Amino acid sequence: MEDFAKTWVQEYGDALFGYSYSRVNDRTVAEDLVQDTFISALKGYKNFKHESSVKSWLISILKHKIIDHYRSKARNVIDRIEESDHIDHLFNEKGRWKNSPQEWNDTPEEALQHKEFQKVLEKCVSKLPETQRQVFSFKDIDHLSGEDICKALNISPSNMWILTHRARHSLRSCLSKNWFGGAR
Amino acid sequence: MKMLFTCRQMARLASEELDRPLSFQVKVRMFIHLLLCRDCRTYHDQIKRVDQFIESYYSTRKEPEMSLSEEAKARMIAALERE
């Protein structure tokens, strides 16, 4: 092995790990992705044109590893999506609400000012299934368009709308229960 | 085609509207339904708020300061040496 590859682990290992962990939320998976990144970088080093810093180059490799990781996961999730909707049980046979949606007590602006609300929000987001969380992390951290998210995960737009609706609906229920309507 | 959407269809559209532009015709049908249905107004408004919460959650979140354990680093160096 070239010695410089060893110094990558020492110099950029933590930064890459932070980047990876913030997107996959799992230490082992994040470490594996960083290790795969270093191995791919070592193999492709002769093609590295030094137009960017080594760190940005490594991060761009890691980005692809993360996308590949989610692409295979999304495939499995999509295969299991049934046509019947996850919210069907809320409506009667005429398609009307069986029970009125619970009103929220605080305004969302008030809620966002509370530190405790931020904790509840974090807890609710962390409960979402991984693929649903990933769609929002692509959208809101990496600012990918809907089209690019579909390409990255190799899913159809309607699959993506199902995932985003499931995520928003679950978060709404979780926030209603743990903040807006429930005791706190 | 029925003029009005059902509440069930409206629930899905509340989210879809945030991911793609809807046709003028669909928007008009949604608008009429929302005028007439308080339950859907509540749900629609909450789904929009939830989207803002998610956006604010991700945009204010800092990349965590994380460190690889020494074991993990050693494992990576060993893996690189095998290449």
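That block above? That's the structure.
Residues numbered from 1 in each chain as written. Chains lettered and ligands numbered in written order. Predicted model: local features only at pLDDT ≥ 70, side-chain atom pairs only at ≥ 80, totals over all residues. Heavy atoms only, no water.

(A) A look at the overall build of chain B. The helix and strand inventory of chain B stands at 4 helices and 0 strands. Seen in sequence order, chain B has helices and strands lined up from the N terminus as α-α-α-α. Relative to the 2.2 N^0.38 estimate, which gives 12 Å for 83 residues, the radius of gyration of chain B is 23 Å and therefore markedly larger than a compact globule would have. Each of the three principal axes of chain B carries a C-alpha extent, and together these read 65 × 25 × 20 Å. Here chain B holds 83 residues, and the buried ones make up 45% of them. Contacts in chain B between residues at least 24 apart in sequence constitute 61% of all its contacts with a sequence separation of at least 6. Here chain B displays about 4,900 Å² of accessible surface, and carbon together with sulfur accounts for 53% of that area. Each charge sign in chain B was given a centre, from 15 positive and 13 negative side chains, and these centres are 12 Å apart. (Helix = DSSP H or I, 4+ residues; strand = E, 2+ residues; numbered from the N terminus. Rg over C-alpha atoms; globule rule 2.2 N^0.38 Å. Buried < 20%, exposed > 50% of the residue type's maximum accessible area, 1.4 Å probe, protein only. Contact = heavy atoms within 4.5 Å. Areas by Shrake-Rupley, 256 points an atom, 1.4 Å probe, with all protein chains shown as cover. Lys, Arg positive; Asp, Glu negative; His and termini not counted. Charge placed at Lys NZ, Arg CZ, Asp CG, Glu CD.)

(B) Representation of the overall build of chain A. Helix and strand content of chain A: 8 helices and 0 strands. Seen in sequence order, chain A has helices and strands lined up from the N terminus as α-α-α-α-α-α-α-α. The globule rule puts the C-alpha radius of gyration for 184 residues at 16 Å, and the 21 Å found for chain A is more than 25% above it. When the backbone C-alpha atoms are referred to their principal axes, chain A occupies close to 65 × 40 × 25 Å. Within the span of chain A, comprising 184 residues, buried residues form 47% of the whole. Counted over contacts in chain A with a minimum sequence separation of 6, partners at least 24 positions apart contribute 72%. Carbon together with sulfur atoms contributes 47% to the accessible area of chain A, which is approximately 9,700 Å² in total. Looking at chain A, you have 28 positive and 27 negative side-chain charges, and the mean spots of the two groups are 2 Å apart.

(C) Here's a closer look at unusual backbone geometry. All names here are of chain A. For His143, which is not glycine, the phi torsion reads 55 degrees and is therefore positive. Here His143 shows up in the loop between helix H6 (130-140) and helix H7 (146-153). A relative accessible area of 63% means that His143 is categorised as exposed. Notably, Asn154 is not glycine yet its phi reads approximately 55 degrees, a positive angle.

(D) Spotlight on the interface of chain B and chain A. Tallying the contact residues gives 42 residues for chain B and 58 residues for chain A. The junction of chain B with chain A conceals about 5,100 Å² of combined surface from both sides, 63% of it contributed by carbon and sulfur atoms. Our enumeration of links across chain B and chain A arrives at 9 salt bridges. Ionic pairing is found between Asp51 of chain B and Lys139 of chain A, a salt bridge with its closest N-O pair at 3.7 Å. Connecting chain B to chain A are 20 residue pairs in polar contact (both at pLDDT 80 or more). Breaking the side of chain B that touches chain A down by element, the ones donating at least two residues are helix H1 (7-19), helix H3 (38-60) and helix H4 (70-82) of chain B. Of the residues in the side of chain B that touches chain A, the class split is 19 nonpolar, 7 polar and 16 charged. (Buried area = accessible area lost by both parts, 1.4 Å probe. Salt bridge = Lys/Arg side-chain N within 4 Å of Asp/Glu carboxyl O. Polar contact = N/O pair within 3.5 Å; in protein donor to acceptor, adjacent residues only side chain to side chain. Nonpolar A, V, L, I, M, F, W, Y, C, P; charged D, E, K, R; others polar.)

Don't take any of this as a statement about function, it's just geometry.
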